[in-house]
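# Breakdown of the fold
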Amino acid sequence: MAVIELRDVSFTYDGERDALSHVSLTVERGAHVVVLGRNGSGKSTLVRCVNGLVVPDEGRVLVDGRDTADPDDLLEIRRHTGMVFQNPDDQMVASVVADDVAFGPENLGVPQPGIAALVDEALRRVGMAAFAQADPAELSGGQRQRVAVAGALAMRPDILLLDEPASMLDPAGRADLARIVAGLHAAGITVLHVTHLMEDALAADRVVVMDRGTIAMEGAPDQVFARGDELEALGLELPFAQRLARRLRALGVSEALAPDTPRLRDLEEALCQSRSSR
Ligand code: ADP
Ligand code: MG
């Protein structure tokens, strides 16, 4: 069943150029959808539509059948939708981790006795329970982003919106975050995830590629990455394995040895097979 539905959505910030132009998108309940696209292609605007930070000029956005343009519906949508932005510092509000995570449920009017349990559970889910009393300023960027995810989870969301949450993180922080997102998806949360990391896209159920406010490509990761030339034309860097295989083929290595795959383990397998069959 569709939990997020954009129906022919258009939106402009300045009245001149469409940030979104006739976008239609359906996200099934429990899916992990990754959104790719070059800078300015409309990714952030797309996810902001889902929790009503952006209300379309034309078309409709339905979340669980509720319309973001209806103020009563919007309140209910926000109760069920957590959002995490690029920079964790943009959403840190308190000087103690637990207070920060409590901010969302407090805002929703959850009675005080229930909040401590929500905060505790959320911090445990991101592996930050030991830091409940810490000062966010003393944590690493990756830890702060995990706290930001906990803040979204404390609202017990059905939907998690992630807008390039890993872009300020080092590789270890990114790997942690990817594991957390995979765990939340496995637990049934619907994830709409803007990223510039191809590894994130490979882990998704479905990939949507934006270009100039429209959806240029959409499909399972392997379907999308099979169209490498088009992805490059849309300003995206292909996954490492795929770039390496392409370089090797340009040097005359056969397709069997250097298959056009985005997945490193497939490339590794092909190269090892050739060694062992000599
Ligand atoms: P992305 O997240 O893919 O980089 P955005 O959704 O942020 O893209 O932006 C889409 C388009 O809307 C871009 O042309 C951008 O310049 C414009 N835009 C985004 N935010 C604003 C804003 N607050 N005011 C005016 N224009 C904006
Ligand atoms: Mg953006």
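Residues numbered from 1 in each chain as written. Chains lettered and ligands numbered in written order. Predicted model: local features only at pLDDT ≥ 70, side-chain atom pairs only at ≥ 80, totals over all residues. Heavy atoms only, no water.

## Here's the deal with the environment of Asp89
Relative to the helices and strands, Asp89 resides in the loop between β6 (81-84) and α3 (97-107). For the pair Asp89 and Ala137, spaced 48 residues apart in sequence, the C-alpha to C-alpha distance is 8.9 Å. Of note is the side chain of Asp89, whose polar atom sits 2.7 Å from the side chain of Arg144. (Helix = DSSP H or I, 4+ residues; strand = E, 2+ residues; numbered from the N terminus. Polar contact = N/O pair within 3.5 Å; in protein donor to acceptor, adjacent residues only side chain to side chain.)

## A look at the site of ligand 1
Inspection of the region around ligand 1 gives Tyr13, Arg17, Ala19, Arg38, Asn39, Gly40, Ser41, Gly42, Lys43, Ser44 and Thr45 as its neighbouring residues. Here an oxygen atom of ligand 1 and a backbone polar atom of Gly40 are 2.7 Å apart. For ligand 1, the protein covers 63% of the area, taking 560 Å² as the surface of the free molecule. When residues in the shell around ligand 1 are grouped by element, the largest group, three residues, is from helix α1 (residues 43-50). (Near = heavy atom within 4 Å. Areas by Shrake-Rupley, 256 points an atom, 1.4 Å probe, with all protein chains shown as cover.)

## What to know about the domain arrangement of the protein chain
If you check the domain split of the protein chain, you get domain 1 (2-237) and domain 2 (239-278). Measuring from the centre of the C-alpha atoms in domain 1 to the corresponding centre in domain 2 gives 34 Å. Across the contact, nine residues belong to domain 1 and six residues belong to domain 2. Area buried by domain 1 at its contact with domain 2 is led by Leu202, Phe225 and Glu237, which between them contribute 55% of it. The tally of links between domain 1 and domain 2 comes to four salt bridges. Of the charged contacts, one joins Arg246 and Asp229 as a salt bridge, the two residues approaching to 2.9 Å between their closest N and O atoms. The tally of links from domain 1 across to domain 2 stands at three residue pairs in polar contact (both at pLDDT 80 or more). Counting residues per element, the ones that place at least two in the side of domain 1 that touches domain 2 are α7 (198-203), α8 (221-225) and α9 (228-233). (Domains from an automatic or database assignment. Contact = heavy atoms within 4.5 Å. Buried area = accessible area lost by both parts, 1.4 Å probe. Salt bridge = Lys/Arg side-chain N within 4 Å of Asp/Glu carboxyl O.)

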